[in-house]
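# Structural overview for review
Now for the letters of each chain:
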Amino acid sequence: MIDFIELFNVVARVAKPAHMSFKPAESMTDAMADLNIDSLDGLVMMMYLCELYGIPDDVSKEWHPTTVQEVYDLMMANKTTEPESIEQAKEQIK
């Protein structure tokens, strides 16, 4: 099983524009707003995470998680697949 915080940070870095500041998550209780993840960044992140976990768009479009833990809980409750590694996830969301 991969480290979800590490995966979260990889996805966040891909989702955020390169010129924007980003504070990596260190805890499952970290709030998205405290990590400089705005609503658009969060939407893009959720699209990537849903792709990685095999969750259909129609299932996730009403989700509005506010913490890393809430993102994790949503992914675990609805996943149909799971990335095998951080490297595989990076390749999949390039």
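All of the points below concern the structure found in this document.

Basis of the calculations
Residues numbered from 1 in each chain as written. Predicted model: local features only at pLDDT ≥ 70, side-chain atom pairs only at ≥ 80, totals over all residues. Heavy atoms only, no water. 1 Å grid on protein atoms, 1.4 Å probe; cavity = no way out; pocket = protein on both sides within 12 Å on 5 of 7 lines; lining within 4 Å. Points joined across faces, edges and corners; volume = space filled by probe spheres on them. Helix = DSSP H or I, 4+ residues; strand = E, 2+ residues; numbered from the N terminus. Nonpolar A, V, L, I, M, F, W, Y, C, P; charged D, E, K, R; others polar. Contact = heavy atoms within 4.5 Å. Salt bridge = Lys/Arg side-chain N within 4 Å of Asp/Glu carboxyl O. Buried < 20%, exposed > 50% of the residue type's maximum accessible area, 1.4 Å probe, protein only.

Roughly 370 Å³ of internal volume is contained in the largest pocket. Lining the largest pocket are 16 residues, and of these Gly42, Leu43, Met46, Trp63 and His64 sit closest to its centre. Broken down by secondary-structure element, the contributors of at least two residues to the lining of the largest pocket are α2 (39–53) and α3 (57–60). Top contributing element to the lining of the largest pocket by residue count: α2, with six residues. Partitioning the lining of the largest pocket into residue classes produces eight nonpolar, five polar and three charged.

The topology assignment puts Pro65 in the loop between α3 and α4 (68–78). For Pro65, the residues in contact, after removing those within four places along its chain, are Met32, Met46, Glu70, Val71 and Leu74.

With that settled, the discussion passes to the pattern of salt bridges. For side chains of opposite charge, pairing can occur when their charged atoms come near one another. Under the criterion given, the structure shown has three salt bridges. Of the charged contacts, one joins Glu82 and Lys79 as a salt bridge, the two residues approaching to 2.4 Å between their closest N and O atoms. Judged by its relative accessible area of 27%, Glu82 is partly exposed.

Just geometry here; none of it tells us what the structure is for.
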